[in-house]
Amino acid sequence: MKGCVRMRRFRGWDCAWVLALLFMLLLSGCGERVIPVGFVADLSGRGSLVGVSARDGALLAVAAANARIVGRHATIELTVLDDQGTSEGAVQADRELVAKGVKLVVGHATSGPGQAGIPVLQAAGIPVLSPLMSAAALSGRKDGFYRIIDENTIQGRTLADYALEAARRLNRPLRATVLTEAINGSYTSDVKNGFVAAWTEAGGEIAWEDNYRAEGDIPFDRLAEGLAGSGADTCLIVTGGMDLGLLVQKVKALNPQARCYAGMWGMTADFVQHAGAAGDGTVFPSIFDPNAAGDRWIAFKEQYVAAYGSPPNFAAVYGYEAMQVAIGALEAAGSTKPERIGQALIEGAPWPGLQSDIPLDAYGDSARGYRLMTLASGTFVPVGDHE
């Protein structure tokens, strides 16, 4: 799947007309009329909804840029590849992007496979801007990797702080059970570690802990029994939306008093579909509110619904934002040299997002913070609005 974007100044972006003109003149002067850019994510398999949504958001950013064309001197050719949600698939996809000569990559969508593939791009000197990878191991490095969301451990700590307050308010024991998915372990273990650290520092106990792989014959009944047992009412489940929904439904059937908390990865339509009414009250960390106001957000949401027939989830939002930042950096750089693109990414921050600005520090890390969302009658709403 390919799309072409012609560069110009975007409404709401702090790129002067002179930069756009300089960009086109530089490229046309050296004969480089097409700038190849890559997008890579998990587009097939059990947990592909996140990757597909991120791709769909990115394609809208491409379409928006194309609609604002000012000339034919410079175009972006977008190559979209599927990493299949595996380390092997990520390596293969990134090698293909290198072979295609891309100048910048937006991806991956999951930290585990992404961490396997990114060294391929780094070895080739290709900057990588991720909409969703937030592994703590990637923080604090000047290595050509950039991201637009906070690291995973902050998700876990944010959840734990709220879970502690809720347990004390309801006079429930500070006992928690924890389950993580192992294939995307770079993400899930970080969220778990952040939660466990904050929970135990406050005097809480982890009564049961396990992990599993989201493939083959998954023992949902056994896992739900572990989560719902041990005299614990607080359950942390860090996995994709489909599995999360099935697990929450079974946990609630075993222990109706259970309060379920989940990583942002599971905040999808798959969760709503598979959890049913049992999903109400599950708490997630998020950067965006699907029911927020603001002209930029409302315009994007309307465009997304018109294009795809359903409202955007968090992955669609971050895919769109990452691609807009990438296009803005290419425009500001006036060059396809990796060091110029990287410099433009850092110096252009904070970049305007759909609901909040996107800061990038000297290492390319972002710190946007997380708000808490919960499911209420099948709709994700801010926690405070539901209580």
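That block above? That's the structure.
Residues numbered from 1 in each chain as written. Predicted model: local features only at pLDDT ≥ 70, side-chain atom pairs only at ≥ 80, totals over all residues. Heavy atoms only, no water.

### Things to note about the environment of glycine 117
Part 1 of the reasoning: Relative to the helices and strands, glycine 117 resides in helix 4 (residues 111-123).
Part 2 of the reasoning: Assessed through its relative accessible area of 0%, glycine 117 is described here as buried.
Part 3 of the reasoning: Leave out the neighbours within four places in its chain, and glycine 117 touches Ala90, Val91 and Asp94. (Helix = DSSP H or I, 4+ residues; strand = E, 2+ residues; numbered from the N terminus. Buried < 20%, exposed > 50% of the residue type's maximum accessible area, 1.4 Å probe, protein only. Contact = heavy atoms within 4.5 Å.)

### A closer look at unusual backbone geometry
Part 1 of the reasoning: The omega torsion of the bond from glycine 107 to histidine 108 falls at -10°, within 30 degrees of zero and hence cis.
Part 2 of the reasoning: Tracing the backbone through its elements, the reader meets histidine 108 in the loop between strand 4 (104-107) and helix 4.
Part 3 of the reasoning: The peptide bond linking alanine 349 to proline 350 adopts the cis configuration, its omega dihedral lying at 0°.
Part 4 of the reasoning: Looking at the element boundaries, proline 350 is found in the loop between helix 12 (338-347) and strand 12 (371-376).
Part 5 of the reasoning: Not every positive phi belongs to a glycine, and glutamine 84 is a case in point at roughly 60°.
Part 6 of the reasoning: Position of glutamine 84 relative to the elements: it lies in the loop between strand 3 (75-82) and helix 3 (87-99).
Part 7 of the reasoning: Judged by its relative accessible area of 44%, glutamine 84 falls in the partly exposed class.
Part 8 of the reasoning: Of note, asparagine 171 is a non-glycine position whose phi angle comes to about 55°, a positive value.
Part 9 of the reasoning: Summarising the element assignment, asparagine 171 is placed in the loop between helix 5 (152-169) and strand 7 (175-181).
Part 10 of the reasoning: Assessed through its relative accessible area of 68%, asparagine 171 is described here as exposed.

### Section: the pairing of strand 4
Part 1 of the reasoning: Judged by which residues are buried, strand 4 turns out to be covered on both faces: Leu104 and Val106 on one side and Val105 and Gly107 on the other are all buried.
Part 2 of the reasoning: Here strand 2 (residues 34-41) runs beside strand 4; their pairing, made up of 4 bridges, is parallel. Its bridge partner lying in strand 4, glycine 38 is registered against valine 105.
Part 3 of the reasoning: Across 2 bridges, strand 4 lies against strand 5 (residues 128-130) in parallel orientation. Pairing of valine 106 across the sheet is with leucine 129, part of strand 5.
Part 4 of the reasoning: With respect to chirality, the unit in which strand 4 leads through helix 4 into the neighbouring parallel strand 5 is right-handed. (Pairing = 2+ DSSP bridges. Right-handed = clockwise from strand over helix to strand, strands pointing away.)

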